[in-house]
Amino acid sequence: MDPTDPLLERLRPLAERHAELARHLTQSEIIADREQFQTLSQEWARLDPVVREGAELARLLHEREETELLIRSAPDRDLGTLAREEQSRLDALIDACRLHLAELTAPRDPVESLSCFLEIRAGTGGLEAALFAGSLFRMYSRYAEHRGWTVDALSQHPGEQGGYKEIIARMTGSGTYAALRYEGGTHRVQRVPKTESQGRIHTSTATVAVLPEAPEGPGRIEIPSQDLRVDTFRASGAGGQHVNKTESAVRLTHLPTGLAVECQDERSQHKNRARALSLLTARLAALRQAEEDRQVHARRRDMIGSGERAERIRTYNFPQNRVTDHRIGLSLYSLDAFLEGDLTPLITALQAAQVQGASSTGGRSSG
């Protein structure tokens, strides 16, 4: 990086840290420590686009310097004109590069780097709603797989013919909450159920909630033991003989608020309790934030809604192979790929709309 440019000079420590992290991530002892490896990988991933853009700015500045030399020493007018045109093009690219770097290095919402809890519940539509909830969980799981995230189911209640009446999972990895924070709300599906003999299209719903995991350190909610009721029970669902022998599942009830969570995915009661406590802390943090905004319970209530067909943020229309996000008016005619986890185009559009402060983009369509 060119030390004569003030912006590049400010980026120099970030570039040095980026190189240091790259070295650390090749060391066997760090690779063997999963938690440390994940922490350093996330830091490297945050710095990488900044360093790459900084290198691009350095390249453009170098080209511009050479172009200025050419302008001063051009032997004829035509060559000088071409050089000045190139200078104008480089100036535009440099301005765009600086703007992008400003966006990359701007202070971020501290919760964006956090892991999150994903809660999906069947809404209106009975058996078909449970199947749709299952499809949504598979969709988010595939997206997580594409992003290199980890998905751990904490609690699940299967539907009678498949899918889920309710499933709660913890998602960890770089940018989980930042990517999924706008997924909360009522999702509507329009399709012909397998049990429909007349070929009629049915409409069902499922609700999604996304809560950031409470960070460690100052400000984290601490729950006194006297405010908790702990119940243990046998896990249900898949798990072989284990589910019939061990009361490993845990339900925690926060007595002052009545909030209750459960975790039954792990064989260890201790691990289930720890995960349930983390989820309960996240829910209490959401309530506290809502209270600070003078909207008690608003965040969670607004996110989950009632599950009625009229309340929706997104529609999945199978006959038209279309997914439409009603908040920004964007339709994608690639529902099959979307359900396989290709959420990036819509998530990027939602993030851009949030940055621009827009509630609608006027009904754009994309194939």
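Since this is a predicted model, take the numbers as computed values, not measurements. (Residues numbered from 1 in each chain as written. Predicted model: local features only at pLDDT ≥ 70, side-chain atom pairs only at ≥ 80, totals over all residues. Heavy atoms only, no water.)

The subject of this paragraph is the overall build of the protein. Each helix and strand in the protein was counted, giving eleven helices and twelve strands. Excluding contacts between residues fewer than 6 apart, the proportion of contacts in the protein whose partners are at least 24 apart in sequence is 61%. When the accessible surface of the protein is totalled, it reaches about 19700 Å², and 50% of it is carbon and sulfur. (Helix = DSSP H or I, 4+ residues; strand = E, 2+ residues; numbered from the N terminus. Contact = heavy atoms within 4.5 Å. Areas by Shrake-Rupley, 256 points an atom, 1.4 Å probe, with all protein chains shown as cover.)

Note on helix geometry: an α-helix contains 3.6 residues per turn, so any two residues three or four positions apart are oriented the same way. An ideal rise of 1.5 Å per residue puts 42 Å on 29 residues; helix α4 (residues 77–105) measures up with 42 Å between its terminal C-alpha atoms. Residues Gly80, Ala83, Gln87, Leu90, Ile94, Cys97, Leu101 and Leu104 constitute the buried set of α4. Structurally, α4 contributes buried residues whose contacts are with α1 (6–24) and α3 (34–73). For α4, the capping residue at the N-terminal end is Asp76, with a side-chain oxygen 3.2 Å from the backbone nitrogen of Asp78. (Expected span 1.5 Å × (residues − 1). Buried < 20%, exposed > 50% of the residue type's maximum accessible area, 1.4 Å probe, protein only. Polar contact = N/O pair within 3.5 Å; in protein donor to acceptor, adjacent residues only side chain to side chain.)

On to the sheet that holds strand β6 (residues 228–233), then. Here three strands make up an open sheet; going across it, the order is β6-β7-β8 and the pairing antiparallel. Two strands lie at the open edges of the sheet, namely β6 and β8 (259–263), each paired on one side alone. Averaged over all adjacent pairs, the angle separating strand axes in this sheet is 15 degrees, with direction ignored. (Pairing = 2+ DSSP bridges. Axes fitted to C-alpha atoms, helices over the stretch in contact; angles between N-to-C directions.)

Looking now at the pairing of strand β3 (residues 164–172). Most of β3 is tucked away: seven of the nine residues are buried. Across six bridges, the pairing between strand β1 (residues 116–122) and β3 is antiparallel. The residue of β3 that forms the bridge with Phe117 is Arg170. Here eight bridges tie strand β2 (residues 150–158) to β3, and the two strands are oriented antiparallel to one another. Across the sheet, Gln156 pairs through a bridge with Ile167, a residue of β3. Linkage of β2 to β3, two consecutive antiparallel strands, is achieved through a turn of five residues, within which Gly162 is found at a positive phi near 115 degrees.

Tracing the sequence through the fold places Leu93 in helix α4. Residues Leu93 and Glu56 lie 37 residues apart in sequence; the distance between their C-alpha atoms is 9.8 Å.

Below, the discussion takes up the pairing of β1. Of all seven residues in β1, six are buried; the element is thus mostly enclosed. Looking at chain direction, β1 and strand β5 (residues 202–212) are connected through seven bridges and run antiparallel. Within the sheet, the bridge partner assigned to Ile120 lies in β5 and is Val208.

Below, the discussion takes up the nonpolar core. Nonpolar side chains tend toward joint burial in soluble globular proteins. Ile120, Leu136, Met139, Tyr140, Leu180 and Tyr316 are the most contacted members of the largest nonpolar core, which has 37 residues in total. Broken down by secondary-structure element, the contributors of at least two residues to this core are β1, α5 (127–147), β3, α6 (176–180), β5, β11 (330–332), α10 (335–339) and α11 (344–356). Residues contacting Leu136, with those up to four places away along its chain left out, are Ile120, His187, Ala206, Val208 and Tyr316. (Core = buried A, V, L, I, M, F, W, Y, C linked by side-chain atoms within 4.5 Å.)

Moving on to the packing of aromatic side chains. Under the definition given, this model contains four aromatic pairs. Geometrically, the ring pair formed by Phe137 and Tyr164 is edge-to-face, given 5.9 Å between the ring centres and 80 degrees between the ring planes. Taken together, the residues Phe137 in helix α5 and Tyr164 in strand β3 connect sequence positions 27 residues apart. Each member of the pair, Phe137 as well as Tyr164, is classed as buried. (Phe/Tyr/Trp six-rings, centres within 6.5 Å; stacked < 30°, edge-to-face > 60°.)

Relative to the elements of secondary structure, Gln264 occurs in the loop between β8 and α8 (269–292). Among the residues examined, Gln264 registers a relative accessible area of 7% and is labelled buried. One polar contact links Gln264 to Glu262, side chain to side chain, over a distance of 3.3 Å.

Inspection of the entire model under this criterion finds 23 salt bridges. A salt bridge links Arg64 to Glu68, with the nearest nitrogen and oxygen atoms 2.0 Å apart. Separated by four residues within a single helix, Arg64 and Glu68 lie in helix α3, roughly one turn from each other. On the accessibility criterion, Glu68 (26% relative accessible area) is partly exposed. Two residues, Arg327 and Asp325, come together in a salt bridge whose shortest N-O distance is 2.7 Å. (Salt bridge = Lys/Arg side-chain N within 4 Å of Asp/Glu carboxyl O.)

Here the focus is the confidence of the model for the protein. Per-residue confidence for the protein averages 83 on the pLDDT scale, and 83% of its residues sit at or above 70. Long-range and interchain partners of residues 238–244, a stretch whose pLDDT sits below 50, account for eight contacts in this model, where long-range means more than four residues apart. Counting interchain partners and residues more than four positions distant, the pLDDT-below-50 stretch residues 358–367 has 19 contacts. (pLDDT = per-residue confidence, 0-100.)

Viewed as axis vectors pointing N to C, α1 and α3 meet at an angle of 135 degrees, and their least axial separation amounts to 8 Å. Compared by their axis directions, α1 and α3 come out oblique. For α1 against α3, the interelement crossing comes out left-handed. Listed contacts from α3 to Leu7, Leu8, Leu11, Leu14, Ala15, Arg17, His18, Leu21, Ala22 and His24 of α1 are Leu40, Glu43, Trp44, Leu47, Asp48, Val50, Val51, Gly54, Leu57, Ala58 and Leu61. (Parallel < 35°, antiparallel > 145°, perpendicular 65-115°, else oblique. Left-handed = near helix turned anticlockwise from the far one by under 90°.)

On to the environment of Ala276. As for its placement among the helices and strands, Ala276 is situated in helix α8. Put simply, Ala276 and Glu262 are 14 residues apart on the chain and 5.7 Å apart in space, counted from C-alpha to C-alpha. Ignoring sequence-local partners within four residues, the contact set of Ala276 consists of Leu252, Val261 and Cys263.

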